[in-house]
Amino acid sequence: MNQPHPQQSYPEQTAPAPTAPKNGLGTTGFVLGLIGLIFSFIPIIGLIAWPLVILGIIFAAVGLGRIRKHRATNKGLTITGLVLSVIGLIICIIWTATATKAVSDLNTEANRSVTIHYEVSGTAKDATITYSTMSGSDLSTNQEQAKLPWSKDVTAQGLVKGGTLTVTTGAGGGKATCKVVVDGKESKTATASGQFATASCDGF
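What this report covers is the structure whose coordinates are included nearby. Everything numeric here is computed off the predicted structure, so don't read it as measured data.

Criteria and cut-off values
Residues numbered from 1 in each chain as written. Predicted model: local features only at pLDDT ≥ 70, side-chain atom pairs only at ≥ 80, totals over all residues. Heavy atoms only, no water. Helix = DSSP H or I, 4+ residues; strand = E, 2+ residues; numbered from the N terminus. Rg over C-alpha atoms; globule rule 2.2 N^0.38 Å. Buried < 20%, exposed > 50% of the residue type's maximum accessible area, 1.4 Å probe, protein only. Contact = heavy atoms within 4.5 Å. Areas by Shrake-Rupley, 256 points an atom, 1.4 Å probe, with all protein chains shown as cover. Lys, Arg positive; Asp, Glu negative; His and termini not counted. Charge placed at Lys NZ, Arg CZ, Asp CG, Glu CD.

Some thoughts on the overall build of the chain
Reasoning step 1: For the chain, the helix and strand inventory stands at three helices and eight strands.
Reasoning step 2: Secondary structure elements in the chain, listed N-terminal to C-terminal, are α-α-α-β-β-β-β-β-β-β-β.
Reasoning step 3: For 204 residues, the compact-globule estimate of 2.2 N^0.38 gives 17 Å, and the chain exceeds it by more than 25% at 39 Å.
Reasoning step 4: Overall size of the chain, expressed as C-alpha extent along the three principal axes, is 160 × 25 × 20 Å.
Reasoning step 5: Each of the 204 residues in the chain was classed as buried or not, and the buried ones make up 29%.
Reasoning step 6: Taking as baseline every contact in the chain between residues at least 6 positions apart, the subset at least 24 positions apart corresponds to 63%.
Reasoning step 7: When the accessible area of the chain is evaluated, it comes to approximately 13100 Å², of which 61% is carbon and sulfur surface.
Reasoning step 8: Computed over 16 positive and 11 negative side-chain charges, the separation of the two mean positions in the chain equals 16 Å.

Laid out in structure tokens, this is it:
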């Protein structure tokens, strides 16, 4: 007589718990890109945007790699972070290029020399002529009793270049006209007539 075989029981096998998506890199890239973009619009302070947007690009790029491998799920946020970081980087580059050009222009202007031609003409028999020249941080002023016509050439250099020319007629009256020419271009002219009349050419 056959004996019944006892039934063997096996423990139930449970499926492994799904791994939680690791969205930290993409989120970090978004935060860095957003902050970097905001700072990139601010002059001088925007210097700190450089490392922020560069790190934002790196974190967002690595986050996209995780998304392609199905290890992360925040695709939209990661792409947004990458876009913000790239825009911030472009703005930083534009600011840097603009600042570099401005410094170069200032340096060029500081080293540029101009020729200032002072001239006084007219019928006045006696005239008092005062002229001043600004060259960089130096200001020189001269006064002469002169017969007309009269002229003087000076050279100015530096970021601030300019001067003034004033002529005053004497007791004999007459007419006096002052004129200033900078590098061959007439900048100022004025005329006075009568006794002790003054013509002033300034602001050039």
